[in-house]
Amino acid sequence: MFAAGAWNLTKAPFLRWSEGDLWNVTLEVSAGGVYEYKYVVVEGDGTVAASWQRGANNVLALQLNDEEVEVYDNWKNSPGALVLVDGQEITRERKLLAWAADMSLQRSELRRTRMELAQAREEIRVLRAELSVLRMEVSEANIARAAAEARQLELERNNSALRLEIAASQASARSTMEEAARLLNDLSDDDSIGGVSSSGGSSGISSGGPPTYASANAPAGAGSSSSNGSHGSGGGGMFGSLFGFNMPG
C-alpha cells in the first residue's frame, strides 16, 4: 500500500497471484514524485492486517521523463530488489539520486524563472509608470489642442469681422471719393459759367478760351455788374461762388 493513502488499508490496491509465486499489480501514478510503500497481508474483508512486510518502507523515485517503470520486490525486503525503467535496469538508490539531481536542476530553473519573473514585473511596473506619464502628456496635449482650436476659431471670427469692417470702410471711402469728385465737377462747371462778361468783356476765365484782361485805360473799379452772378475785377472766383464771399482785387 502507498503512504499517499495515509496507510489506510481500505485504500490499498490489491495484488494478484501469478505463476512463479509472483504477486503483481499495475498502477498509474504521476511522474516526478517520490513514493513510499509497503506490502501487507490482510484478513477477511481486507480491513485487518495479518502481516506486514519486514524492514523499512520501500521508496520509489520517478523522474519526469519516466513512462513505464517495473519494480520487483521481495517479501522479506532483502537486498536485490530490481527496478526497470523503459526496459533499462537501475537500482532504487541510483533512481533516487537521479531524481534528486532532476529536482536540483528544477530548483535552479525555478530560481531563474522567479528572477526573470521579478525582472519582468519590475519592467511592467516601469512601463506602467511610463504609460501613466504618456497618458498625462496626451491629456495635456489634448487640452492644449482644444485651446489652440478655440483660439484659432476666435481669430477666424475676428478676421471675418475685420474683413467686414475693411469692406465697409472701403465702401465708405469709395462713396466719399465719388461725392468729392462730383463736388469738384460741379465747382468746375460753376467756375466756367461764372467767368463770362455780359457787356464790355470778361475779367475772369471764359468758358471757351484763354482768360482775357481789361484794358489799361479802363477806369478803376470798372467791371461787370450784371445780375447773373458773373465775376468782375473784384469777384472771388471759384471759391467766392462756393463759399459766398468776394476775394479782394
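Position labels on residues start from 1 in each chain and follow its written sequence. This being a predicted model, a pLDDT of at least 70 is required before a residue's local features are given, and a value of 80 or more before pairs of side-chain atoms are given or counted; all residues contribute to the totals for chains, interfaces and linings. Note that the side-chain values use all heavy atoms of the structure and ignore hydrogens as well as water.

### Side note on the overall build of the protein
Alright, step 1. Going along the chain from the N terminus, every DSSP run of H or I of four or more residues is numbered as a helix, and every run of E of two or more is numbered as a strand. The secondary structure content of the protein amounts to two helices and nine strands.
Alright, step 2. Counting from the amino terminus, helix and strand elements in the protein follow one another as β-β-β-β-β-β-β-β-β-α-α.
Alright, step 3. Looking at the protein as a whole, 15% of its 249 residues qualify as buried.
Alright, step 4. We call two residues contacting when some pair of their heavy atoms lies within 4.5 Å. Across the protein, every contact between residues at least 6 apart in sequence was considered, and the portion connecting residues at least 24 apart equals 44%.
Alright, step 5. Per-residue and other accessible areas were derived by the Shrake-Rupley procedure at a 1.4 Å probe size, with only the shown protein chains allowed to occlude residues. Total accessible area computed for the protein in this model is approximately 19,000 Å², and 56% of it derives from carbon and sulfur atoms. Residue exposure (1.4 Å probe, protein chains only): buried if accessible area is under 20% of the type maximum, exposed if over 50%, otherwise partly exposed.

### Things to note about the sheet that holds strand E8 (residues 82-85)
Alright, step 1. Two strands are said to pair when DSSP picks up at least two bridges between them. Strand order in this open sheet of three strands is E7-E8-E9, and the pairing throughout is antiparallel. Lying at the two open borders of the sheet, with one neighbouring strand each, are strand E7 (69-72) and strand E9 (88-90). Across the sheet, the axes of successive neighbouring strands diverge by a mean angle of 25°, strand direction being ignored.
Alright, step 2. Relative to E8, E7 runs antiparallel, the two being bridged by four bridges. Across the sheet, the residue bridging to Tyr 72 is Leu 82, located in E8. Angles here are taken between N-to-C directions and fall from 0 to 180 degrees, while the axes themselves are lines fitted to C-alpha atoms, restricted in helices to the stretch in contact.

### A closer look at a negative patch on the surface
Alright, step 1. Residues qualify for a patch when their relative accessible area is over 30% and they have no salt bridge, like charges being joined within 9 Å and the nonpolar side chains of Val, Leu, Ile, Met, Phe, Trp and Tyr within 5 Å. Counted as salt bridges are all cases of a side-chain nitrogen of Lys or Arg within 4 Å of a carboxyl oxygen of Asp or Glu. Positive: Lys, Arg. Negative: Asp, Glu. His and the chain ends are not part of the count. Think of each charge as sitting on NZ of Lys, CZ of Arg, CG of Asp or CD of Glu. A surface patch of like charges, here negative, comprises Glu 67, Glu 68, Glu 70 and Asp 86.
Alright, step 2. Within the secondary structure, Glu 70 is located in strand E7.
Alright, step 3. Residue classification places Glu 70 among the partly exposed positions, given a relative accessible area of 33%.

### Remarks on the packing of aromatic side chains
Alright, step 1. Geometry of aromatic contacts follows a simple scheme: Phe, Tyr and Trp rings, the Trp one being its six-membered ring, pair when their centres are within 6.5 Å, and the pair is stacked under 30 degrees between planes, edge-to-face over 60, tilted otherwise. The tally for this structure, following the rule as stated, stands at one aromatic pair.
Alright, step 2. Ring geometry for Tyr 37 and Tyr 39: centres 5.8 Å apart, planes at 90°, overall edge-to-face.
Alright, step 3. Taking relative accessible area as the criterion, Tyr 37 reaches 7% and is therefore assigned buried.

### Here we look at the pattern of salt bridges
Alright, step 1. Applying the stated criterion across every chain, the model contains eight salt bridges.
Alright, step 2. The network of salt bridges with shared partners includes Glu 109, Arg 112 and Glu 116.

### Comments concerning the confidence of the model for the protein
Parts of the prediction with low pLDDT should not have their coordinates interpreted in detail.
Alright, step 1. Per residue, pLDDT measures the predictor's confidence, with a range of 0 to 100. Predicted confidence across the protein gives a mean pLDDT of 78, with 74% of residues reaching 70 or more.
Alright, step 2. Every residue in residues 196-249 scores below 50 in pLDDT, and together they form 45 contacts with partners more than four places removed in sequence or on other chains.

### Remarks on the side chain of Lys 38
Alright, step 1. Tracing the chain through its elements places Lys 38 in the loop between strand E3 (34-37) and strand E4 (40-43).
Alright, step 2. Despite its burial, Lys 38 remains without a salt bridge, the nearest opposite charge being carried by Glu 36 at 8.3 Å.
Alright, step 3. Within 3.5 Å is the distance limit for a polar contact, defined as a pair of N or O atoms, with the added protein rule that one can donate a hydrogen and the other accept it, and that residues adjacent in sequence qualify only through two side-chain atoms. Polar side-chain contacts of Lys 38 include one of 3.2 Å to the backbone oxygen of Gln 53.
Alright, step 4. Of the polar contacts made by the side chain of Lys 38, one reaches the backbone oxygen of Gly 55; its length is 2.5 Å.

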